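Coordinate inspection notes
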Amino acid sequence: MITVFGEGRGFRVVWLLEEMGLPYQLRPVDLLAGVENDPEYLAINPAGFIPALRDGDVTMVESIAIMEYLISRYGPTPLAPPPDEPTFGLYQQFLHLGEAGLACPMYFVVVSRNLAPEAERQNWGARKALEVFNSRLRLVKRQLARSPYLAGNEFTAADISVTYALEFAQRAGGVDLGTAEQAYVDRTTAREAYKRAMDVCKGTKAWAEQVAASRKSRGGV
Ligand SMILES: N[C@@H](CCC(=O)N[C@@H](CS)C(=O)NCC(=O)O)C(=O)O
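Small disclaimer: the values here were computed from a predicted structure and weren't measured. Every chain begins its residue count from 1, and numbering advances along the sequence as written. Local features in a predicted model are, by the rule used here, given only for residues with pLDDT of at least 70; side-chain atom pairs are given and counted only at 80 or more, and totals for whole chains, interfaces and linings are based on all residues. Values shown for side chains rest on all heavy atoms present in the structure; no hydrogens or waters enter the calculation.

1. Focus: the site of the ligand
By convention in this text, a residue qualifies as near a molecule or strand provided that one of its non-hydrogen atoms is within 4 Å of it. Around the ligand sit Gly 8, Arg 9, Arg 12, Leu 31, Phe 49, Ile 50, Pro 51, Glu 62, Ser 63, Glu 99 and Tyr 107, and that is every residue in its neighbourhood. Polar contact criterion, stated in full: a pair of N or O atoms within 3.5 Å, where within protein one must be able to donate a hydrogen and the other to accept it, and residues adjacent in sequence count only if both atoms are side-chain atoms. With respect to the ligand, the side chain of Glu 62 contributes an N or O atom lying 2.6 Å from a nitrogen atom. The Shrake-Rupley method, run with a 1.4 Å probe, gives the accessible areas here. Residue values count only the displayed protein chains as cover. Within the complex, the protein chains bury 77% of what would otherwise be the 510 Å² of accessible surface of the ligand. When grouped by side-chain class, the residues that make up the shell around the ligand number five nonpolar, two polar and four charged. Note on residue classes: Ala, Val, Leu, Ile, Met, Phe, Trp, Tyr, Cys and Pro are nonpolar, Asp, Glu, Lys and Arg are charged, and everything else, Gly too, is polar.

2. Structural notes on helix α5 (residues 124-144)
Given a rise of 1.5 Å per residue, 21 residues ought to cover 30 Å, and the 30 Å separating the end C-alpha atoms of α5 matches this to within 8%. Exposed residues in this analysis have more than 50% of their type's maximum accessible area, buried residues have under 20%, and partly exposed residues fall in between, with area computed by a 1.4 Å probe over protein chains only. Think of it this way: any DSSP run of H or I at least four residues long counts as a helix, any run of E at least two long counts as a strand, and we number them from the N terminus. Taken together, the buried positions of α5 are occupied by Ala 126, Ala 129, Phe 133, Leu 137, Val 140, Gln 143 and Leu 144. With its buried residues spanning 95° around the axis, α5 presents them on a single face. Exposed residues pointing more than 90 degrees away from the buried face of α5 are listed as Trp 124 and Arg 138. Packed against the buried residues of α5 are α4 (88-114), α6 (157-172) and α7 (179-188). Of the residues that open α5, the one with a side-chain oxygen 3.2 Å from the backbone nitrogen of Gly 125 is Asn 123. How far a helix is expected to stretch is found by multiplying one less than its residue total by 1.5 Å. Starting at the helix axis, one direction is taken to each C-beta atom, and the arc is that of these directions. Contacts are assigned to residue pairs with any non-hydrogen atoms lying within 4.5 Å of each other.

3. Points about the nonpolar core
Residues belong to a common nonpolar core when they are buried Ala, Val, Leu, Ile, Met, Phe, Trp, Tyr or Cys residues joined through side-chain atoms within 4.5 Å. Judged by nonpolar contacts, the single largest core of 59 residues is most densely connected at Leu 16, Leu 53, Leu 70 and Val 140. The leading source of residues in this core is α6, at ten residues. In this structure Val 140 touches Phe 94, Leu 97, Leu 102, Leu 150 and Val 162, once residues within four positions along its chain are discounted.

4. With respect to the pairing of strand β3 (residues 52-55)
Here a strand pair is declared whenever DSSP counts at least two bridges between the two strands. The sheet contact formed by strand β1 (residues 2-5) and β3 spans three bridges and is antiparallel. When the bridges of β3 are listed, Phe 5 appears paired with Ala 52. Hairpin connection, β3 to strand β4 (residues 58-61): the antiparallel pair is bridged by two residues, and Gly 56 has positive phi, about 60°.

5. Some thoughts on the pairing of β4
Across four bridges, the pairing between β3 and β4 is antiparallel. Looking across to β4, one finds that Leu 53 is bridged to Met 60.

6. Some thoughts on the packing of helix α1 (residues 10-20) against helix α3 (residues 63-74)
An axis is simply a line fitted to the C-alpha atoms; with a helix, the fit covers only the stretch in contact. Between two such axes, the angle follows the N-to-C directions and lies from 0 to 180 degrees. Viewed as axis vectors pointing N to C, α1 and α3 meet at an angle of 20°, and their least axial separation amounts to 9 Å. Here α3 runs roughly parallel to α1, going by the angle between their axes. Crossing hand, α1 versus α3: right-handed. Together, Arg 12, Val 13, Leu 16, Leu 17 and Met 20 of α1 and Ser 63, Ile 64, Ile 66, Met 67, Leu 70, Ile 71 and Tyr 74 of α3 make up the contact between the two elements. For classification purposes, angles smaller than 35 degrees are called roughly parallel, those larger than 145 roughly antiparallel, those between 65 and 115 roughly perpendicular, and all remaining angles oblique. Here is the rule for handedness: rotate from the far helix to the near one, and if that takes an anticlockwise turn smaller than a right angle the crossing is left-handed, while a clockwise turn gives right-handed.

7. Remarks on the sheet that holds β1
Paired through backbone hydrogen bonds, the strands of a sheet run either parallel or antiparallel to each other. Taken together, the four strands give an open sheet; going across it, the order is β2-β1-β3-β4, and neighbouring strands pair in mixed fashion. One side of each edge strand has no neighbouring strand; the edge strands of this open sheet are β2 (24-27) and β4. Going from strand to strand, the sheet's axes swing by 20° on average, the running direction of each strand aside. Taken together, the four bridges between β1 and β2 define a ladder with parallel strand orientation. Its bridge partner being in β2, Ile 2 is matched across the sheet by Tyr 24. Against the sheet, α1 contacts β1, β2 and β3, and its axis sits at roughly 150° relative to β1.

Given below as structure tokens:
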């Protein structure tokens, strides 16, 4: 049985597993309660971040690497174009840009905004990270002007990677998406597998609902 440890970016992995119809279980990891209180998880990932994956004798971290592992191990799947397809380059680029160019810099914006001591919230590193996120977002905007999904006409794992990053930025980073990016997120998150993943990732679902409710109460949509 495949085990996914932790939500956060683990949501990407759960969404992919739902898209691929593979059986799995989610083992929660509560970072807010302090990962140091979870020795079982620290034995899986001594660095203490989430997510991790266990599949038989294979244990690994890094959400994008985990997605690539699952696709290679249990594919082929239409979620990943084969290397001889013209869309393969775009697919690879956006699969990785979703983490390296978007979610990773956004993480430092989010922790500065929400977790840093008051006096350290406005800092050069967080501003630079937001600048990096916004510059990489231009590549997403340009691609969405060309095709409905990031690797062309079909939904792929690259869309899982980038959708996660855009929703993370919206919910926790104070980022307002443009019309095309919002329409894209509405399209990708309308998928049944996304909804099933949300039902499995109870912490993510509760957080998303709480952010949506507080936005509504402030007069947003
Ligand atoms: N590049 C990693 C990032 C993992 C990451 O930063 N996860 C966050 C939560 S989504 C975390 O565990 N943060 C706590 C820490 O880094 O100590 C991935 O894509 O899996």
